[in-house]
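Breakdown of the fold
Here's the letter readout for the chains.
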Amino acid sequence: MGSGTIRPSKTLAVTETILRCCLIFAVIFSLKLPSGHARITAERMSNLAGKTETYTSDNGSYTVTITYGNNSASWSMKEHGYELWNKPLWVEPGHASVSDNGSVIILPLWGWSDEGGSSGMAVHDRDGNLVREILFRNAATENNSLRWISKYAVSPEGDMIVTGENGTKQSTITMFITATGNIAWTQNTSLGVVVDIVVSPKGDYSLVATRKSDNSDMAFTLLGRDGKILWSRPIAANFSYDEHYVRFSQNLHTFYIYDLKARRHISLPLPVQSPG
């Protein structure tokens, strides 16, 4: 055989070496995922030119639209259907959340966008200008870290931001102070997949809907201003992609959770908290 031909025994050795390298890479890759991270949250579809995504404030007053181009993206905001601005988007596109008064718009800062891992949040004002970046940090080491955030919510006046991160058995809910980026509280709650979050003014209440990853069972959890669980309720076989599951009444006397079997929102009294 010529010098450029590999004998079968050598071919087997090369194949084994390649397989070992692949195994080592797979182990390293798995270690990069945070503990308790559910892999179902790590899927992020590639964005195609011409695709648009629309995000609306909880009260329906403001709408943020992201439009994907070939190598960049643009975004715009409307108030009651009237366009306020339309400009290039200088951070990588992702799920947007806008406050009810339009003063705060949140976008993820992607640290590992293909796998859905974000390194923080980009806070913009009502004109779409970047105000600050809130970076996620490891609680133990204070080093920058990634989080696999599935849901963002902003309080109506924009003072507080709540994130929901999926887990294997429980989800992690974290409240951030918009002005400083500091964490107000973190709470593990209910089931592993975050479906919906809504926040009351000043962050006094946070209402979270979660579900199991392998069926349609759901749980609802009401958190107080300090992150403590005030109320919770499981509902079996309740999940549907088409529903908005949680909301507060305008007077903050009641809150609502969606019951799929009843095909309606159930009204419940909002518990009174001691002054904070």
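Everything quoted here is computed from the prediction, not taken from an experiment.

1. Quick notes on the overall build of the protein chain
- Across its full length, the protein chain holds one helix and 19 strands.
- Split into buried and exposed, the 276 residues of the protein chain put 44% on the buried side.
- Expressed as a percentage of contacts within the protein chain between residues at least 6 apart in sequence, the contacts between residues at least 24 apart total 41%.
- Surface accessibility of the protein chain: about 14,900 Å² in total, with carbon and sulfur atoms responsible for 52%.

2. Quick notes on the side chain of Ser249
- Turning to its location among the elements, Ser249 is positioned in the loop between β17 (246-248) and β18 (254-259).
- Look at Ser249 and you get buried, because its relative accessible area is 11%.
- Polar contacts involving the side chain of Ser249 include one to the side chain of Asn251, which spans 2.7 Å.

3. Observations concerning the side chain of Ser155
- Within the secondary structure layout, Ser155 lies in the loop between β9 (149-154) and β10 (160-165).
- Given the relative accessible area of 0%, Ser155 is considered buried.
- Polar side-chain contacts of Ser155 include one of 2.7 Å to the side chain of Glu157.
- What Ser155 contacts, discounting residues up to four positions off in sequence, is Ser99, Met160, Val199, Ser200, Lys202 and Gly203.

4. Considering the packing of aromatic side chains
- Taken as a whole, this structure holds eight aromatic pairs when the rule is applied.
- With centroids separated by 6.2 Å and ring planes inclined at 40°, the aromatic side chains of Phe220 and Tyr245 adopt a geometry described as tilted. Of this pair, Phe220 sits in strand β15 (residues 218-223) while Tyr245 sits in the loop between β16 (229-235) and β17, and the two are 25 residues apart along the sequence.
- Judged by relative accessible area, which is 0%, Tyr245 ranks as buried.
- With a centroid separation of 4.7 Å and an interplanar angle of 75°, the aromatic rings of Phe239 and Tyr241 are classed as edge-to-face.
- Residue class for Phe239 comes out buried when judged on its relative accessible area of 16%.
- The exposed category is assigned to Tyr241, whose relative accessible area is 70%.
- Between the NZ or CZ atom of Lys87 and the centre of the ring of Trp85, over which it lies, the distance is 5.2 Å.
- Here the basic side chain of Arg211 rests over the ring of Phe239, its NZ or CZ set 4.4 Å away from the ring centre.

5. A short note on the sheet that holds β9
- With antiparallel pairing, the four strands of this open sheet are ordered in space as β9-β10-β11-β12. Each end of this open sheet is capped by a strand with a single partner; those strands are β9 and β12 (183-189). Strand-to-strand twist of the sheet, defined as the mean angle between neighbouring strand axes without regard to direction, takes the value 15°.
- One ladder, built from six bridges, connects strand β11 (residues 171-177) with β12; its direction is antiparallel. Following the sheet pairing, Phe176 is matched in β12 by Ile183.

6. Let's talk about the pairing of strand β3 (residues 73-79)
- The pairing of strand β2 (residues 62-68) with β3 spans seven bridges and is classified as antiparallel. The residue bridging Thr67 from the neighbouring strand is Ser74, located in β3.
- From the end of β2 to the start of β3, which pair antiparallel, there are four residues.
- Direction of pairing for β3 relative to strand β4 (residues 82-89): antiparallel, over a ladder of seven bridges. Within the sheet, the bridge partner assigned to Trp75 lies in β4 and is Lys87.
- Here β3 hands over to β4 after two residues, with His80 in that stretch at a positive phi of 50°.

7. Examining unusual backbone geometry
- Even without a glycine there, the phi angle at Ala237 is positive, about 50°.
- As for its position among the elements, Ala237 is in the loop between β16 and β17.

8. Focus on the pattern of salt bridges
- Under the counting rule described, the total for this entry stands at three salt bridges.
- We note a salt bridge from Lys51 to Glu53, for which the minimum N-O separation is 3.4 Å.
- Here Glu53 falls in the buried class, since its relative accessible area comes to 18%.

9. Points about the sheet that holds β17
- The three strands lie next to each other as β17-β18-β19, forming an open sheet whose pairing is antiparallel. Whereas interior strands pair on both sides, the edge strands pair on one side only; in this sheet they are β17 and β19 (264-269). With direction set aside, neighbouring strand axes in the sheet form an average angle of 25°.

About the thresholds
- Residues numbered from 1 in each chain as written.
- Predicted model: local features only at pLDDT ≥ 70, side-chain atom pairs only at ≥ 80, totals over all residues.
- Heavy atoms only, no water.
- Helix = DSSP H or I, 4+ residues; strand = E, 2+ residues; numbered from the N terminus.
- Buried < 20%, exposed > 50% of the residue type's maximum accessible area, 1.4 Å probe, protein only.
- Contact = heavy atoms within 4.5 Å.
- Areas by Shrake-Rupley, 256 points an atom, 1.4 Å probe, with all protein chains shown as cover.
- Polar contact = N/O pair within 3.5 Å; in protein donor to acceptor, adjacent residues only side chain to side chain.
- Phe/Tyr/Trp six-rings, centres within 6.5 Å; stacked < 30°, edge-to-face > 60°.
- Lys NZ or Arg CZ within 6 Å of the ring centre and 35° of its normal.
- Pairing = 2+ DSSP bridges.
- Axes fitted to C-alpha atoms, helices over the stretch in contact; angles between N-to-C directions.
- Salt bridge = Lys/Arg side-chain N within 4 Å of Asp/Glu carboxyl O.

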